[in-house]
Amino acid sequence: DLLSEFKKAELKDVKKIVFTTRTQTSEHWYANIGYYAHNEHVGDNLPAPNEGGKLCIYNIDTKQTEVLIDDRLGIVRDPCVHYDGNKILYSYKPAGTKYFHLYEIDLNNNNKIRRITNGEFDDIEPVYTPDDKIIFVSTRAKRWVNCWLTQVAILYGCDLNGDNIHALSANIEQDNTPWFLPNGQVLYMRWEYVDRSQVHYHHLWTMNPDGTKQMVFFGNMHPDNVYIDAKPIPNSDKIVASFSPGHGAVEHTGAVGIIDPRNGPDDLRMAKQITAKIDYRDPWAFSENCFMAAQGNRIELIDASGETQTLFQIPDEWKSHANTGKVIRDRSEARASLSPLLVHEPRPLIKRERERIITKQTDESKTTGELTLLDIYNGRNMKGVKRGEIKKLLILETLPMPIHYTGGMEPMTYGGSFTLERIVGTVPVDPDGSARFELPAKRAFFFVALDENNLAVKRMQSFLTVMPGETTSCVGCHEERTAVTILPKMPSAMKRSASPITKITETVNRLAKNNNIKNAAAENTTNENITNENAIPDVIDYPRDIQPVWDKYCVECHSSEKREGRFNLSGDRGVMYSISYSNIMARTHSALENNRYGKETLVADGRNKPLGNYPPRTLGSAASAIYTKYCQKEHYGVNLSERDKTLVRLWLDTGATYIGTYAGLGTGMIGGYSVNMLDRSDLSWQETKAMQTALKNNCVSCHTQQKQLPTSVSDEIRHTWWIYPNDPNDSRRKYSRHLFFDLTQPEKSALLLSPLSKEDGGYGLCGKDILKKGDENYKTILAGIERAKVQLDKIKRFDMPNFQPRPEYIREMKRFEILPKDFDQTTPVDYYDLDQKYWKSLWFKTE
């Protein structure tokens, strides 16, 4: 059998196995800590209310099990055996407590337990470093998943006694399962989605133990599969990992697989699944032919061909998680008495060699690091980009989220980005394609290559971080990692000092000042107000910043009254967004999906799709007709100021979001989403019921199937954010509810105006007088829309007077010490300023 064969070689020195147990969770791998956004209490409100915590040692020879910790309503997880084999580092949430913290048990000292970390945060997945420190994953990052109701945990480091806790990552999503490679680097899973699909990119990365040299290890160019719980295979360059399918199964469950990195990070042929089943967890490699993994209530031995043998199985007396006559106090205990125990995280209890120690390369007296780009033209998918064409890099920062309420992005965007992006500034790119500049340390940045007209040529869809005092470099733009780069001469940027970052406002002010100086010479005026007039916000808010541009230049022709080209750029509020925003986004997606409007793309975002490394000029300002065509003089002589052009261009290059504050999440929506569930409470309104009857009697005979009309303000004929090319249902997007209801001026709603004759003040689109102004059907439909307006005026949107953020937003701002602990929820706040204070509180500061 396998055990006998393995004991002759790989397992000859392995006598004991450390493992943990707990009951089944029902959440993703990242949502087994903390609390849901809408409720912070312990118990049923936890995202993963599992129990049955045991830390155990199984003796392979005697088949006896020693239980070191047995906490029926607590959770023990993530054991890591010390190099000397005499201590175990683990994460533990004792019964009745709220947070996971790090602990260590000393097997040579009567199993004495020492608590290492404290605080109102979760500390999980610890690993010893070869120089006797700890790297772990923690919610001390003070941020929430951008597409779910749970908290983010990223990589941290600390001393063995818990002192000197410091962030090693700036990820705004999740880092997981760090482990050391023989070369001294840390291998870990990084989940990210910088303007691409939120459910497809969670792959393997490496970094030095001090956080420097963060680099993709495998998979970041390819969607699907969560590569997690990765560990080196002894005497090999390969690693073993759990290949958890899709967006990842519960508790890291997947197939046991092997990754050979010798062909670089992008060759999927080098990732091979060795188990047919995908119900394994926490694999461990003893050799390229000998593996161990948890499966259900067992520890399985596995060979390279996928043959298995059970090494350990939870005994019958454990399986029931038995209630021994004790009075059950709440549903948590009831669940614990019924849920089966599962085995997790088996590790050999052996001495092991320490990995190479990499000398620290950070300098905490500095708040910046330096990056050198060698040649931006050296890369994949750069066809058509001529050398010398790229003049600048636009530096953007992807901003962490203090709270989130659902799996979508509404009302962040209509099928676009999940994340607000800060405009940091620009740096020059030399004619030879090189650049050299400083970046603030421990923040998440990405770049957009700009041409001489400041239009986006190429976009980065991942983020990078520099650590304090770090000096690092990259070769080019999405370059082939396995290719050898030979530079004909030293890049010019390396011959000079680092370029300072130029703020966009400075550029706009300079352009505006030059233009105004010419006018001033003729008019004998001054330029005292130029700076204030031309200020560009670092985070753009559509109603505040972009709508005034449409009001100034566009609504004369594109309003609810005139609607040239059947296009309305009114700033009136729709059910979730403004009328103009919904029109722009709906026509954008209709063009993409149905080849309407000559494939003209108003906003080229490409967001929430499982793609990366788009061809040049396919994302952002250069590919968005709303700017390149309709904001230019050729469009009926429209003449935007430099500031207004810059605003629109940067709005497109920062994700074309609707809200400019995270306080707007989960608010101000009629027919919004919570935990991915559509709110259809409007169906209980008498006005809605009457409106539906009127629409059924007047409209449904023509509007069937692909022409189906929304019959209520919550009638989401096609979900706003799951957008797939060539989906036949997407042709219905032109009948989206977001286009038909005006909740500022209900009588201006397209649902009313479309069937009205032009003589009656309508659009006359239905070919016959279906609806007459003032008749009973008209008044009934209008009353239904007016009822929705009353509701919106009550709940309020972020751009409405007297808006207050949700209590959960205030709660987290208090927890993050942005607001005082005794802050009164009813006190008005400047939420734009509060966001800024929150982001800046996370910036690295010197000691």
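Rules used throughout
Position labels on residues start from 1 in each chain and follow its written sequence. In view of the model being predicted, local features appear only for residues whose pLDDT reaches at least 70, and side-chain atom pairs are presented and counted only at 80 or more, with totals across whole chains, interfaces and linings using the full set of residues. Only heavy atoms go into the side-chain values, all of them from the structure, while hydrogens and water stay out. Helical segments are the DSSP runs of H or I of at least four residues, strand segments are the runs of E of at least two, and each set is numbered from the N terminus. Accessibility here uses a 1.4 Å probe with only protein chains present; expressed as a share of the type maximum, an area under 20% marks a residue as buried, one over 50% as exposed, and anything in between as partly exposed. What makes two residues a contact is simply this: any of their non-hydrogen atoms within 4.5 Å. Only when DSSP finds a minimum of two bridges between them are two strands counted as paired. With axes taken as lines fitted to C-alpha atoms, and helix axes fitted only over the stretch in contact, angles between N-to-C directions fall between 0 and 180 degrees. In what follows, salt bridge is the name for a side-chain nitrogen of Lys or Arg lying within 4 Å of a carboxyl oxygen of Asp or Glu. Here roughly perpendicular refers to angles of 65 to 115 degrees, roughly parallel to angles under 35, roughly antiparallel to angles over 145, and oblique to all remaining angles. If you view the pair so one helix is near and one far, a crossing is left-handed when the near helix is turned anticlockwise from the far one by less than a right angle, and right-handed when it is turned clockwise. Amino acids are sorted into nonpolar (Ala, Val, Leu, Ile, Met, Phe, Trp, Tyr, Cys and Pro), charged (Asp, Glu, Lys and Arg) and polar (every other residue, Gly among them). Cavities and pockets were defined on a 1 Å grid built from protein atoms only: a cavity is a group of points that admits a 1.4 Å probe but offers it no way out, a pocket is an open group of points flanked by protein on both sides within 12 Å along at least five of seven lines, and a lining residue is one with an atom within 4 Å of any such point. Grid points are joined across faces, edges and corners, and a volume is the space filled by probe spheres set on the points. Between rings of Phe, Tyr and Trp, where Trp is taken as its six-membered ring, a pair exists when centres lie within 6.5 Å; planes separated by under 30 degrees are stacked, by over 60 edge-to-face, and by other angles tilted. Charged-residue counts in this description rest on Lys and Arg as positive and Asp and Glu as negative, His and the chain ends being excluded. The definition of a polar contact used here is a pair of N or O atoms within 3.5 Å, where within protein one atom must be able to donate a hydrogen and the other to accept one, and adjacent residues in sequence count solely through side-chain atom pairs.

Turning next to the overall build of the protein chain. A count of helices and strands for the protein chain gives 14 helices and 33 strands. When the 847 residues of the protein chain are sorted by exposure, 60% land in the buried category. The contacts of the protein chain with a sequence gap of at least 6 include a subset with a gap of at least 24, amounting to 64%.

Here we have 4 strands laid out as an open sheet, ordered β20-β21-β22-β23, and antiparallel in their pairing. Each edge of the open sheet carries a strand with a single partner, namely β20 (281-285) and β23 (308-313). Ignoring strand direction, the axes of neighbouring strands in this sheet form an average angle of 25°. Examined bridge by bridge, strand β21 (residues 290-295) and strand β22 (residues 298-303) share 6 bridges and lie antiparallel to one another. Within β22, the position partnered with A294 by the bridge is I299.

Another point: the pattern of salt bridges. Oppositely charged side chains can pair when the atoms bearing their charge come close. Using the criterion set out here, one finds 45 salt bridges in the structure. Salt-bridge contacts for E251 lead to R22; the nearest nitrogen and oxygen are separated by 3.3 Å. With E251 in the loop between β17 (239-244) and β18 (255-259) and R22 in strand β1 (residues 16-23), this pair connects stretches of sequence that are 229 residues apart. Take E251 and R22: they sit in the same class, and that class is buried. Notably, a salt bridge pairs K54 with D70, separated by 2.9 Å at the nearest N-O pair. Highlighted residues: K54 in strand β2 (residues 53-59) and D70 in strand β3 (residues 65-71), separated in sequence by 16 residues. Judged by its relative accessible area of 9%, K54 is buried. Owing to a relative accessible area of 54%, D70 belongs among the exposed residues under this scheme.

With that settled, the discussion passes to the packing of helix α10 (residues 686-698) against helix α12 (residues 776-795). At their nearest, the axes of α10 and α12 sit 8 Å apart, and the two run at 140° to each other. In terms of their interaxial angle, α10 and α12 are classed as oblique. Between α10 and α12 the crossing geometry is left-handed. Seen from α10, the contacting residues are E687, A690, M691, A694, L695 and N698; seen from α12, they are N777, T780, I781, A783, G784, I785 and R787. Classifying every residue of the contact of α10 with α12 by side-chain character gives 7 nonpolar, 4 polar and 2 charged.

The next point concerns empty space enclosed by the protein. Scanning the model with the defined rule gives 6 cavities of 30 Å³ or more in all. The computed volume of the largest cavity comes to approximately 110 Å³. Lining the largest cavity we find 14 residues, and of these E125, T177, W179, D229 and R347 sit closest to its centre. Those elements that provide at least two residues to the lining of the largest cavity are β4 (75-81), β8 (123-128), β12 (175-180), β16 (226-232) and β24 (341-348). Along the lines of polarity and charge, the residues of the lining of the largest cavity split into 5 nonpolar, 2 polar and 7 charged.

To continue, consider the packing of helix α6 (residues 542-553) against helix α9 (residues 642-653). The interhelical angle for the contact between α6 and α9, taken along N-to-C directions, is 130°, at an axis separation of 10 Å. When the axis of α6 is compared with that of α9, the two are oblique. For the pair α6 and α9, the sense of crossing is left-handed. Of the residues in α9, those touching α6 at Y542, D545, I546, V549, W550, K552 and Y553 are D644, L647, V648 and W651. Residues belonging to the contact of α6 with α9 are distributed by class as follows: 8 nonpolar, no polar and 3 charged.

Turning our eyes to something else, we now look at the layout of surface pockets. Considering only enclosed or pocket space, the largest pocket measures out at about 1,100 Å³ in volume. Forming the boundary of the largest pocket are 48 residues, of which I165, H166, A167, L168 and K442 lie nearest the centre. The residue inventory of the lining of the largest pocket, partitioned by class, reads 26 nonpolar, 9 polar and 13 charged.

Before going further, it helps to spend a moment on the pairing of strand β26 (residues 392-398). For β26, the buried fraction is high: 6 of the 7 residues fall into the buried class. By the bridge criterion, 7 bridges tie β26 to strand β27 (residues 421-428) in an arrangement that is antiparallel. By the bridge assignment, L396 is partnered in β27 with I423. Pairing geometry for β26 and strand β29 (residues 445-450), over 6 bridges, is antiparallel. Bridged to K392 within β29 is L450.

This paragraph deals with the packing of aromatic side chains. Ring pairs (aromatic) are described by centroid distance and by the angle formed between their planes. Enumeration according to the criterion identifies 31 aromatic pairs in this entry. With centroids separated by 6.2 Å and ring planes inclined at 35°, the aromatic side chains of F136 and Y156 adopt a geometry described as tilted. Here the residue F136 occupies a position in strand β9 (residues 133-138), and Y156 occupies one in strand β10 (residues 154-159), the gap between them amounting to 20 residues. The two residues F136 and Y156 agree in class, both being buried. Residues Y542 and Y658 carry aromatic rings whose centres are separated by 5.7 Å and whose planes lie at 40° to one another, so their mutual orientation is tilted. You can see Y542 sitting in helix α6 and its partner Y658 sitting in the loop between α9 and β32 (673-674), a full 116 residues away along the chain.

As summarised here, the arrangement of the 4 strands in space is β4-β5-β6-β7, forming an open sheet in which the pairing is antiparallel. With one partner strand each, in any of the chains shown, β4 and β7 (112-115) form the two edges of the open sheet. Each adjacent strand pair in this sheet contributes to an overall mean axis angle of 30°, direction not counted. The pairing of β4 with strand β5 (residues 87-93) spans 5 bridges and is classified as antiparallel. Its bridge partner being in β5, V76 is matched across the sheet by Y92.

Before going further, it helps to examine the side chain of E173. With respect to the helices and strands, the residue E173 is situated in the loop between β11 (166-167) and β12. One buried charged residue, E173, remains without a salt bridge, the closest side chain of opposite sign being R143 at 9.2 Å. Looking at E173, its side chain comes within polar contact range of the side chain of Y193, at 3.0 Å.

Here the focus is the environment of V448. With respect to the element layout, V448 can be found in strand β29. Between the C-alpha atoms of V448 and D653, which are 205 residues apart in sequence, the distance is 7.9 Å. Not counting chain neighbours up to four residues away, the residues in contact with V448 comprise K392, L393, L394, L396, A456, K458 and R459.

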